[in-house]
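Given next are the chains, with one letter for each unit.
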Amino acid sequence: MDETDKSSRRDWLATVAMGVGLGLSYGVFALEGLLFLLPRQIKARTRNLFAGKISQIRVGGVRPFFDLEGNEILLRRKTEREFQAFNSTCPHLGCKIHWEEEEQRYFCPCHRGVFDVDGKAVSGPPADGNQNLTPVPLQIDEAAGVIYIEVKAASRRRT
Amino acid sequence: MDLTSKRFIVAALAFLFLASLLLVAYQESKRLRGEQQLDPVVTALNEGCVDCHRRDSPALVMEWEHSQHAIYGVGCVDCHGANQGEVDAWLHEGEYVAALVTPLDCANCHEKQYAEFSQSHHAKAGEILASLDNVLAEKAAGMPGNNADAVNGCWQCHGSIIRFERDEEGQVITVGNENRPVIDADTWPNSGIGRLNPDGSKGSCHACHSRHAFEAKLSRSPENCGKCHMGPDHPQIEIYNESKHGIAFYANRDRMALDTRGDWVLGRDYSAAPTCATCHISSYMTPNGQYTANSHDVGERISWTLRPVVSTLLNSVIYQDGFKEDYPDTRELPEIGDTVETIEKVVENEQLVSRTVPRQVARIVTWEERRQVMKGACLNCHNNTYVDNFYKQFDDLVILYNEKFAKPAKSIMDDLTADGVLNPNAPFEHHVQWVYWELWHHEGRRARHGASMMGPDYTHWHGMYEVSKHFYDEFLPAVIEAARNKSTAMGRKYQQRVDALLAQEEHQWVKGLSPEEGEALREMYQQRYNE
Amino acid sequence: MAELQEKQSSQAGLLHRVSQLFPFDWELVRQASAEPVPYHIKKWWFCLGGTVLYLFVIQVVTGIALTFYYIPSPDQAYQSIAEITQDVRFGWYIRSLHKWASNCMIVAMFLHLLRVYFTGGYRHPRQLNWCIGFLLLGVTLTFGFTGYSLVYEQLSFWGATVGTNLAEAVPLIGPSLAYFLRGGPEVSENTLTRFYVLHIGLLPTLAFVLIFLHVLLIRLHGVTELKFEGEEVPEEARHFRFWPDHATTELLIGVLLMYLLTIMALVFPAGLGEPANPIQTPEHIKPEWYFYFNFRLLQLTSLRVSVVFTMALGAICFLWPFVEEWLTRKFKVSDRVWVMVGVLAFLGFLVLTVWESFV
């Protein structure tokens with residue numbers, strides 16, 4: 001192998017090493033940058049709030065309580081093991097809906113809006129606008145017999 | 001520098017950059033794994049309370065913010081909320097509230113704990129009104145119109161009957177523009193574990209789970225129990241501190257995982273030492289890889305009762321409605337399904353009364369079974385032989401105390417009463433009554449408790465030594481003296497009784513050791529102290 | 001064979017068709033990048049201008065990334081920064097890069113300025129480029145000031161307050177300038193919006209234009225060839241190629257910077273102080289270090305004196321090539337005097353900065 005060969009080999013090696021190094025490092029940098037831009041956070045910023053004990057609601061019963069923003073939430077035990085919760089604010093014009101036991105429906109007295117057990121608008125103005133009740137996600141801890149509602153984690157407030 | 005070398009340098013730097021980026025990624029993944037710290041939640045329901053009380057009682061609110069309750073949004077009104085018409089409730093800033101939070105309030109969420117606690121000895125701690133302890137506090141130490149010794153002493157551990165200030169018609173007196181009912185200052189504040197509450201519930205969860213942070217590590221710490229389980233008549237905390245268990249605890253507190261969320265399991269979360277809670281109520285691992293549930297029924301694993309004059313083994317009888325009674329092994333057990341007259345203490349018109357309730361027997365747990373549950377905790381660290389032999393040592397001491405001192409002393413005292421020497425309505429009239437009282441209630445308990453929890457000095461010097469010294473040197477002379485006070489003939493009778501007792505084998509040593517024993521003793525002192 | 005030829009010709013045809021879509025003479029690029037570079041540029045301190053440019057690119061990239069999450073409203077600004085730092089993946093890293101690159105950029109810029117001054121690179125016919133460069137320094141410092149204020153923590157909020165109060169002391173236009181900057185009589189929600197627009201809109205545009213002019217002028221004038229005393233460079237080595245020789249050097253500097261910035265981000269990640277509280281002035285207010293000399297001056301003299309002094313100094317520095325020419329002509333001073341002036345000015349800046357950092 002003569003000198004030129006050797007130096008061109010060295011040259012080639014340097015170029016390849018540089019290319020691979022730069023490609024990898026800036027590649028990883030770009031990847032981390034991309035992950036930064038993707039709108040996913042550490043954890044869904046939700047938290048569980050105590051809403052009641054399973055044993056405190058009979059099947060078919062409704063229990064109202066308030067979430068962090070002060071919205072009234074109607075928690076209903078649908079079957080032995082199924083729970084549902086809806087924001088009690090009518091999606092039509094913001095009146096308070098309530099549960100009607102005899103009719104097995106949610107009712108808004110302002111404009112006679114009617115929602116079925118699953119919160120689907122069935123008659124009145126909400127049905128015309130296809131405005132269903134806003135469901136609230138629940139977490140059921142059967143072992144402890146506790147119902148939590150899942151709410152957006154409040155901002156980190158310094159007190 | 002030629003171009004090729006420069007390229008090599010660029011390559012080297014690029015890899016350094018890559019390495020630093022990987023460090024960044026590592027840092028990031030470590031951060032993602034870390035737990036997110038949640039802030040306390042003030043729900044709309046509690047906003048009003050917190051707004052004012054953060055100013056009026058800031059530390060109280062801070063404590064609450066420190067609690068798990070606050071993390072899940074359980075706040076002021078959830079516990080202090082009351083219904084109109086309840087004796088302790090008043091309308092405060094638009095909500096009916098009560099200052100007093102009873103176990104029944106806690107049971108809204110903690111049902112199982114309430115059920116277990118309610119059938120425990122702790123819940124019955126307030127039912128001591130008819131005991132000699134109470135006589136001593138209210139009569140010996142107290143005076144008419146001033147019950148301060150009982151209020152500041154007994155009741156702060158045993159619990160008070162919560163009473164209200166009332167007018168002539170029996171109506172609760174209220175004060176302020178919100179008409180707040182006035183609680184009898186003698187009965188509140190009170191964090192006694194057997195408190196008798198106006199809603200009929202017994203106990204105070206706050207006794208062990210101090211408000212408002214309700215930190216688990218507090219109730220799991222031995223000091224927590226030591227508030228009451230201490231002193232001349234039941235020095236459990238001192239015995240624990242003296243024991244190998246206590247020594248290991250204080251040295252290894254940092255390894256006790258006292259802050260564990262949820263179940264705190266011996267053999268899973270910690271191993272360094274057992275605390276009071278560990279052996280008596282907490283969860284522990286079992287050989288099948290599972291762990292036992294903890295129980296708020298504090299006496300469940302106890303096989304001896306070490307409190308009365310004469311110790312007995314304890315079986316328990318559980319009735320259909322969950323009510324529970326301890327049956328000493330000297331009392332005949334009923335059959336399952338039998339209906340038994342049980343005695344229950346309840347508060348009526350702010351007074352404790354006894355009530356007879358027929359109940360059906362659902363379950364019987366023998367003292368052996370109870371001991372077995374306790375042994376399960378021991379076996380997490382010790383083997384079967386070790387545990388069995390420990391129980392043999394412990395049992396022997398209880399039997400020794402029972403047979404040599406407690407039973408003879410009790411029999412003499414019973415006879416003195418039968419012979420009219422002692423007046424059953426004057427429990428502390430004669431010297432012998434005081435001596436006898438301390439013999440079993442202080443010294444005898446110290447010896448038995450000392451042996452039960454491996455405190456050697458409490459077993460012997462604070463325990464059996466005091467029992468024997470006072471038995472020979474104070475109790476027996478005082479018996480004769482009391483009898484003589486009655487009549488010369490009575491004095492002669494009890495002199496003979498004592499002589500006969502001392503003639504028994506176990507008491508003969510008082511009149512002289514055997515020649516060999518005496519020689520051995522002299523030799524020992526000669527060798528050790530050159531005397 | 002014929003098939004292959006056909007394929008090749010069709011490929012050539014395709015290339016031709018594509019180049020028709022974008023009719024650019026790529027030969028120009030080749031020529032421009034083949035510009036021979038004088039030998040002395042191989043010394044690292046002649047690459048400081050390039051370093052600043054590289055850092056500027058990092059700032060643009062990370063800055064754009066940060067705007068994806070930043071919310072320029074007084075209620076949410078601090079919160080959004082906290083979210084970037086705590087919740088968004090790699091948020092702390094991107095933010096730390098932005099912070100450290102901004103500091104490095106200012107350092108590199110000062111060094112670049114010193115290099116140009118002491119090598120006389122600003123003299124005829126390159127006076128104008130000095131002025132442009134000085135404007136770029138001004139733009140960069142404003143970048144630093146506005147960017148720091150966007151964090152909306154206690155210190156940066158009060159920094160903005162003090163800064164706009166300083167502007168008020170500028171003779172004649174001061175009050176209206178301060179009013180304009182704040183968008184009102186005092187620091188308010190308008191101020192944050194204005195700073196934000198300056199930081200991500202106005203200033204970058206200005207910077208791009210000035211950088212373009214700066215580089216264009218360098219190319220138009222060409223680089224002076226310098227010779228150092230006692231250095232023998234053979235004739236054929238007097239120049240080297242821009243591509244790939246000098247480009248590799250720039251690449252090297254770029255990667256080195258990325259490495260150092262990442263290490264800085266790891267060791268000293270950008271923190272977050274108390275949120276801004278307009279009611280309570282913190283006990284110790286300090287601007288970023290590059291304003292220390294001014295801040296010290298402010299405490300040594302009165303507000304008005306220091307502002308006027310700074311402005312005069314700025315004006316003199318801005319027009320220095322012309323001022324120097326005029327002075328040289330009028331007083332017949334030698335080059336050594338100007339070196340001394342430069343050393344003294346730099347020492348003065350250094351002393352005030354260090355002094356302030358120890359107070």
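What you see is a predicted model, and the numbers here were worked out from it, not measured in a lab.

1. Section: the overall build of chain C
Step number 1: On a plain count of helices and strands, chain C comes out with 14 helices and two strands.
Step number 2: The buried share among the 359 residues of chain C stands at 31%.
Step number 3: Within chain C, residue pairs in contact and separated by at least 24 positions form 80% of the contacts whose partners lie at least 6 positions apart.

2. Here's the deal with the overall build of chain A
Step number 1: A tally of regular secondary structure across chain A gives two helices and 10 strands.
Step number 2: Going through the 159 residues of chain A one by one, you find that 22% of them count as buried.
Step number 3: For chain A, restricting intrachain contacts to residue pairs at least 6 apart in sequence, the fraction spanning at least 24 positions comes to 38%.

3. Digging into the pairing of strand S4 (residues 83-87) of chain A
Residue and element names in this part refer to chain A.
Step number 1: Two strands pair when backbone bridges link them, and strand S3 (residues 72-77) and S4 are joined in this way by five bridges, in the antiparallel orientation. By the bridge assignment, Arg-77 is partnered in S4 with Phe-83.
Step number 2: Counting the residues between successive antiparallel strands, the hairpin from S3 to S4 contains five residues.

4. Describing the interface of chain B and chain A
Step number 1: Contacts between chain B and chain A engage 25 residues on the former and 27 residues on the latter.
Step number 2: Of all the secondary-structure elements, those providing two or more residues to the side of chain B that touches chain A are helix H1 (3-33) and helix H2 (44-56) of chain B.
Step number 3: Among the elements that take part in the side of chain B that touches chain A, H1(B) stands out by supplying 13 residues, more than any other.
Step number 4: Each residue belonging to the side of chain B that touches chain A can be placed in one class, and the counts come to 18 nonpolar, four polar and three charged.

5. Some points on the environment of B:Leu91
Residues and elements named next belong to chain B.
Step number 1: Examined against the element boundaries, Leu-91 turns out to sit in strand S1 (residues 90-92).
Step number 2: With 86 residues separating them in the primary sequence, Leu-91 and Asn-177 have C-alpha atoms 9.9 Å apart.
Step number 3: Setting aside residues no more than four positions away along its own chain, Leu-91 makes contact with Tyr-96 and Glu-178.

6. Some thoughts on the confidence of the model for chain A
Step number 1: Here chain A averages 83 in pLDDT, while 90% of its residues score no lower than 70.
Step number 2: The low-confidence segment residues 155-159 of chain A, where pLDDT is below 50, has five contacts with residues more than four positions distant or belonging to other chains.

7. Details of the sheet that holds strand S7 (residues 113-115) of chain A
Residue and element names in this part refer to chain A.
Step number 1: What the four strands build is an open sheet, ordered S5-S6-S7-S8; its pairing is antiparallel. Each edge of the open sheet is held by one strand with a lone partner, namely strand S5 (98-100) and strand S8 (121-123). Sheet twist, expressed as the mean angle between neighbouring strand axes with direction ignored, is 40 degrees.
Step number 2: Where strand S6 (residues 105-108) meets S7, three bridges bridge the pair, whose relative direction is antiparallel. Each residue of the ladder has a partner; that of Phe-107, found in S7, is Val-114.

8. Quick look at the environment of A:Asp141
Residues and elements named next belong to chain A.
Step number 1: Here Asp-141 lies in strand S9 (residues 138-141).
Step number 2: Of the residues examined, Asp-141 has 11 C-beta atoms within 10 Å and is grouped as exposed.
Step number 3: The spacing of Asp-141 and Ile-54 is 87 residues in sequence and 9.0 Å in space, taken between C-alpha atoms.
Step number 4: What Asp-141 contacts, discounting residues up to four positions off in sequence, is Val-146 and Tyr-148.

9. As for the nonpolar core
Step number 1: In terms of nonpolar packing, the biggest core is built from 77 residues, with B:Ala14, C:Leu55, C:Met105 and C:Val255 touching the most fellow members.
Step number 2: Excluding anything up to four places from it in sequence, B:Ala14 contacts A:Met18, A:Gly21, A:Leu22, A:Ser25 and C:Val255.
Step number 3: Judged by nonpolar contacts, the second largest core, of 31 residues, contains B:Phe394, B:Ile412, B:Leu422 and B:Val479.

10. As for the sheet that holds strand S10 (residues 146-152) of chain A
All names here are of chain A.
Step number 1: The sheet built from three strands is open, its strands ordered S1-S10-S9 with antiparallel pairing. Of all the strands in the sheet, just strand S1 (46-53) and S9 have a single pairing partner and so form its edges. Averaged over neighbouring strand pairs, the angle between their axes works out to 30 degrees when direction is ignored.
Step number 2: Taken together, the seven bridges between S1 and S10 define a ladder with antiparallel strand orientation. If you follow Thr-46 over to S10, its bridge partner there is Lys-152.

11. Notes on unusual backbone geometry
Step number 1: Here B:Trp188 and B:Pro189 are connected by a cis peptide whose omega angle stands at 10 degrees.
Step number 2: The topology assignment puts B:Pro189 in the loop between strand S4 (180-181) and helix H10 (216-220).
Step number 3: Each neighbour pair has its own omega, and for B:Arg211 with B:His212 the value is -5 degrees, a cis peptide bond.
Step number 4: By the element assignment, B:His212 lies in the loop between S4 and H10.
Step number 5: Phi is positive for A:Arg112, close to 55 degrees, though the residue is something other than glycine.
Step number 6: For A:Arg112, a count of 11 C-beta atoms within 10 Å corresponds to the exposed category.

12. Regarding the environment of B:Arg445
All names here are of chain B.
Step number 1: Its location among the elements puts Arg-445 in helix H17 (residues 431-452).
Step number 2: Considering only alpha carbons, one finds Arg-445 and Thr-459, 14 residues apart in sequence, at a separation of 9.1 Å.
Step number 3: Ignoring anything within four residues of it in the chain, the contact list for Arg-445 reads Asp-233, His-234, Leu-306 and Arg-307.

13. Some thoughts on the packing of helix H6 (residues 127-150) of chain C against helix H7 (residues 154-168) of chain C
Residue and element names in this part refer to chain C.
Step number 1: Packing of H6 against H7 brings their axes to within 7 Å, and their N-to-C directions diverge by 135 degrees. Looking at the two axes, H6 sits oblique to H7. The two elements H6 and H7 cross, and the hand of that crossing is left-handed. Contacts between H6 and H7 pair Phe-145, Tyr-148 and Ser-149 from the former with Ser-156, Gly-159, Ala-160 and Gly-163 from the latter.
Step number 2: A breakdown of the residues in the contact of H6 with H7 according to their chemical character gives three nonpolar, four polar and no charged.

14. Details of helix H15 (residues 367-378) of chain B
All names here are of chain B.
Step number 1: The end-to-end C-alpha separation of H15 is 17 Å, in line with the 16 Å expected for 12 residues at 1.5 Å each.
Step number 2: All of the buried residues along H15 are Trp-367, Arg-370 and Ala-377. Projected down its long axis, H15 shows its buried positions confined to an angular sector of 70 degrees, all on one face.
Step number 3: Contact partners of the buried residues in H15: strand S5 (265-266), helix H14 (276-280), strand S6 (283-284), strand S8 (312-319) and strand S11 (351-365).

15. Quick notes on helix H13 (residues 244-251) of chain B
All names here are of chain B.
Step number 1: Buried within H13 are the following residues: His-245, Gly-246 and Phe-249. Buried residues of H13, seen end-on, are gathered within an arc of 95 degrees and therefore sit on one face of the element. Of the exposed residues in H13, the ones pointing more than 90 degrees away from its buried face are Lys-244 and Ala-251.
Step number 2: Those residues of H13 that are buried lie in contact with helix H11 (222-226) and helix H12 (236-242).

So, how was this worked out
- Residues numbered from 1 in each chain as written.
- Chains lettered and ligands numbered in written order.
- Predicted model: local features only at pLDDT ≥ 70, side-chain atom pairs only at ≥ 80, totals over all residues.
- Helix = DSSP H or I, 4+ residues; strand = E, 2+ residues; numbered from the N terminus.
- Buried ≥ 20, exposed ≤ 12 C-beta atoms within 10 Å, placed from the backbone.
- Contact = placed C-beta atoms within 7 Å.
- Pairing = 2+ DSSP bridges.
- Nonpolar A, V, L, I, M, F, W, Y, C, P; charged D, E, K, R; others polar.
- pLDDT = per-residue confidence, 0-100.
- Axes fitted to C-alpha atoms, helices over the stretch in contact; angles between N-to-C directions.
- Core = buried A, V, L, I, M, F, W, Y, C linked by C-beta atoms within 7 Å.
- Parallel < 35°, antiparallel > 145°, perpendicular 65-115°, else oblique.
- Left-handed = near helix turned anticlockwise from the far one by under 90°.
- Expected span 1.5 Å × (residues − 1).
- Arc of directions from axis to C-beta.

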